[in-house]
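Chain and residue survey
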Amino acid sequence: MIASHSKTHTMLSSDQNILGHTGTILLGLLCGEVVYRVYQLLEQWSHLGTRYRGSKTRLVQAVFTTRNYQHVSVAVLGILSVCLLATSENTGEVVKQALPWTIVWIFSRILEVFDFELDTQDILEESNALLGPGLAANYWFNLLKPSMAGRIRRQLADFLSS
């Protein structure tokens, strides 16, 4: 009976350690993402006058986007990590244990390890920045608009007379 109780206690303790460790990793990754976004904010600061037309609000919104409800996801994951950490026996060294995960995440994001080409294509498509709209604009400004203005007829007549 005592051996069974000890085995159950060991399994429970092991599960608590796994949950607590998962909470530490999750907290480290979330902290790493926040630090990375602050890094992006500092990097984009030089474009404040051009890209963001002097608006600090636009700059912050661009860096800390709420697209795809990321703010809700971060809040839920933050609460989950705190709950998981609460099951841990060793909560006193959370910062020391989460720091390596934070550093790994920051460098992975800065070096664009997890950037995926299809994500970039989706962003371009949603912004109507693909090849089609550019070709259409080029066609309009360089062929249709001048021909409608009568410049082509005049230029053709000038060319034939010379």
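Each remark here, short or long, concerns the structure printed above.
Residues numbered from 1 in each chain as written. Predicted model: local features only at pLDDT ≥ 70, side-chain atom pairs only at ≥ 80, totals over all residues. Heavy atoms only, no water.

Moving on, we get to the pattern of salt bridges. According to the stated counting rule, one finds 3 salt bridges in the structure shown. The partner of Glu 33 in a salt bridge is Arg 37, with the nearest N and O atoms 2.8 Å apart. Of this pair, Glu 33 and Arg 37 both sit in helix α1 (residues 2-44), separated by 4 residues, roughly a single helical turn. Comparing Glu 33 with Arg 37 shows no difference in burial state: the two are buried. In this structure, Lys 96 and Glu 93 form a salt bridge, with 3.9 Å as the shortest nitrogen-oxygen distance. (Salt bridge = Lys/Arg side-chain N within 4 Å of Asp/Glu carboxyl O. Helix = DSSP H or I, 4+ residues; strand = E, 2+ residues; numbered from the N terminus. Buried < 20%, exposed > 50% of the residue type's maximum accessible area, 1.4 Å probe, protein only.)

A few words on the layout of surface pockets. Taken as a whole, the second largest pocket holds about 440 Å³ of empty space. At the level of elements, α1, α3 (70-86) and α4 (94-110) are the ones that each hand at least two residues to the lining of the second largest pocket. Residue contributions to the lining of the second largest pocket peak at 6 residues, all from α1. Each residue belonging to the lining of the second largest pocket can be placed in one class, and the counts come to 8 nonpolar, 5 polar and 3 charged. (1 Å grid on protein atoms, 1.4 Å probe; cavity = no way out; pocket = protein on both sides within 12 Å on 5 of 7 lines; lining within 4 Å. Points joined across faces, edges and corners; volume = space filled by probe spheres on them. Nonpolar A, V, L, I, M, F, W, Y, C, P; charged D, E, K, R; others polar.)

Quick look at the nonpolar core now. Core analysis: the largest hydrophobic core is formed by 5 residues, namely Leu 41, Leu 48, Tyr 52, Leu 59 and Val 63. Every residue in contact with Leu 48, bar those within four places of it in the chain, is listed here: Arg 53, Gly 54, Ser 55, Lys 56 and Leu 59. (Core = buried A, V, L, I, M, F, W, Y, C linked by side-chain atoms within 4.5 Å. Contact = heavy atoms within 4.5 Å.)

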